[in-house]
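Chain and residue survey
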Amino acid sequence: MQGQRHVHFAGILSTPSSTYSEATLASSPGPFTPPPIMPSPLPTKRHTPSPSMYATSPLPTTKVQMHPVLSCTAGGSAPLSWDLTQIAESALVHSGGRTAPRPVTEELVKQPATTPKVASIVIKCERLPWAITILPRQDPRWAAPYVTVGDVLCALYRALRLGVTSKEFAMPGAVPDHHPRVQAAYDARCLRITDPAQRAAERKKGIKRVDFVYEEHAFRGLSCVRGGDPAKGLVEGLVWNLHCGRSTPLNPRSSSDPEYPCVPGTSPETAECFLQPGYFG
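In this text the structure is predicted, and so the values were computed from the model without any measurement.

1. Quick notes on the overall build of the chain
From N to C terminus, the chain includes five helices and 10 strands. Every one of the 281 residues in the chain was classed for burial, and the buried ones make up 51%. Approximately 13300 Å² of the chain is accessible, and the part contributed by carbon and sulfur atoms is 56%.

2. With respect to the nonpolar core
By size, the foremost hydrophobic cluster in this structure holds 52 residues, and its most contacted members are Leu70, Leu80, Trp82, Ile123, Val152, Phe219 and Leu222. Going through the elements one at a time, α1 (106–109), β7 (121–124), β8 (130–134), α2 (149–160), α4 (178–191), β9 (218–224) and β10 (239–245) are the ones with two or more residues in this core. Considering each element in turn, this core owes the most residues, eight residues, to α2. For Val152, the contacting residues outside a window of four places in its chain are Leu70, Ala113, Ile121, Ile123, Ile134, Val147 and Leu222.

3. Regarding the confidence of the model for the chain
On average, residues of the chain score 73 in pLDDT, and 63% of them reach the 70 mark or higher. At the low end of the mean pLDDT range in the chain sits strand β1 (residues 21–25), at 41; at the high end sits β7, at 97. pLDDT under 50 marks residues 249–273. Its contacts with residues more than four places away, or in other chains, come to 58 contacts.

4. Some points on the sheet that holds strand β3 (residues 80–81)
The strands making up a sheet associate through backbone hydrogen bonding, with each pair oriented either parallel or antiparallel. The strand order across the open sheet formed by three strands is β3-β4-β5, and the pairing between neighbours is antiparallel. Lying at the two open borders of the sheet, with one neighbouring strand each, are β3 and β5 (102–103). Pairing of β3 with strand β4 (residues 92–93) involves two bridges; the strand directions are antiparallel. In the sheet register, Ser81 faces β4, and the bridge partner there is Leu92.

5. What about the pairing of β7?
Inspection of the sheet shows β7 paired to β8 by three bridges, in the antiparallel sense. Counted as the bridge partner of Val122 is Thr133 from β8. Taking the residues between adjacent antiparallel strands as the criterion, β7 and β8 are bridged by five residues. Both β7 and β10 contribute to a ladder of three bridges, which runs parallel. Residue Ile123 lies in a different strand from β10, and its bridge partner there is Trp240.

6. Remarks on the environment of Leu156
Looking at where Leu156 falls in the secondary structure, it is placed in helix α2. A sequence separation of 86 residues divides Leu156 from Leu242, and the C-alpha atoms of the two residues are 9.7 Å apart. Non-local contacts of Leu156, meaning those with residues more than four positions away in its chain, are made with Trp82, Ile123, Ile132, Ile134, Phe219 and Leu242.

7. Description of the packing of α4 against helix α5 (residues 196–204)
Where α4 contacts α5, the two axes come as close as 9 Å, and the packing angle between them is 155°. In terms of their interaxial angle, α4 and α5 are classed as roughly antiparallel. Of the two elements, α4 crosses α5, and the hand of that crossing is right-handed. Of the residues in α5, those touching α4 at Tyr186, Asp187, Arg189, Cys190 and Leu191 are Arg199, Glu202 and Arg203.

Conventions and cut-offs
Residues numbered from 1 in each chain as written. Predicted model: local features only at pLDDT ≥ 70, side-chain atom pairs only at ≥ 80, totals over all residues. Heavy atoms only, no water. Helix = DSSP H or I, 4+ residues; strand = E, 2+ residues; numbered from the N terminus. Buried < 20%, exposed > 50% of the residue type's maximum accessible area, 1.4 Å probe, protein only. Areas by Shrake-Rupley, 256 points an atom, 1.4 Å probe, with all protein chains shown as cover. Core = buried A, V, L, I, M, F, W, Y, C linked by side-chain atoms within 4.5 Å. Contact = heavy atoms within 4.5 Å. pLDDT = per-residue confidence, 0-100. Pairing = 2+ DSSP bridges. Axes fitted to C-alpha atoms, helices over the stretch in contact; angles between N-to-C directions. Parallel < 35°, antiparallel > 145°, perpendicular 65-115°, else oblique. Left-handed = near helix turned anticlockwise from the far one by under 90°.

Written as structure tokens, this is what we have:
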């Protein structure tokens, strides 16, 4: 049986291209107020998503369901254990029972993110003033005309790693103590880096968008936004909420849908290896 390779999202820290993922402001920034540190600039080449982007593929005519690995359960968890401040290949998948969590596989990242398949989705989070548009990655090794699990993982990480401008930092937050909590999240994220040189380099990059979720940077899954976003021409099933929580052990569940195995290749006879560095280019 052909082995699978370890997932590595090479070049993940680079600014995402407009054909892959975008993060756009949901509201206009407030007055200029310099943040406590010097933020890293946003990319200069930008493309603001518009409703016309979604007109290239048929709108879903049936209820859209998220892949079980990415879906938020009723208890506010997901089978995917992932610290959003860490690289996407660090995510682990729980299959339930006593099975140990396993890394994401090539088979899994190529699976469609939704059923039925869609050409794009928009992810929102109540603590983020940006919407993240997920588009299929244009790479011949795993390109598909629909959004895959790998597209979601890679685009989320890349969008949340973007730097925050002074104007964006000055915007009103989701809670009254928003700005101190963003600063605290930034400080804590840098302190978790053990290498002094790497820690100093990361601190110089400034506050990033992932710091806007405060200390709750554990992935808890995606849930469908009822009604979609009519103002942007997005029907239900194309807009999803990102749920985050504190980094505590999850309550994993396994999928009963044979189309969506949570952990492919778990047979003892399978020689398990995973994607190699450079796979995503």
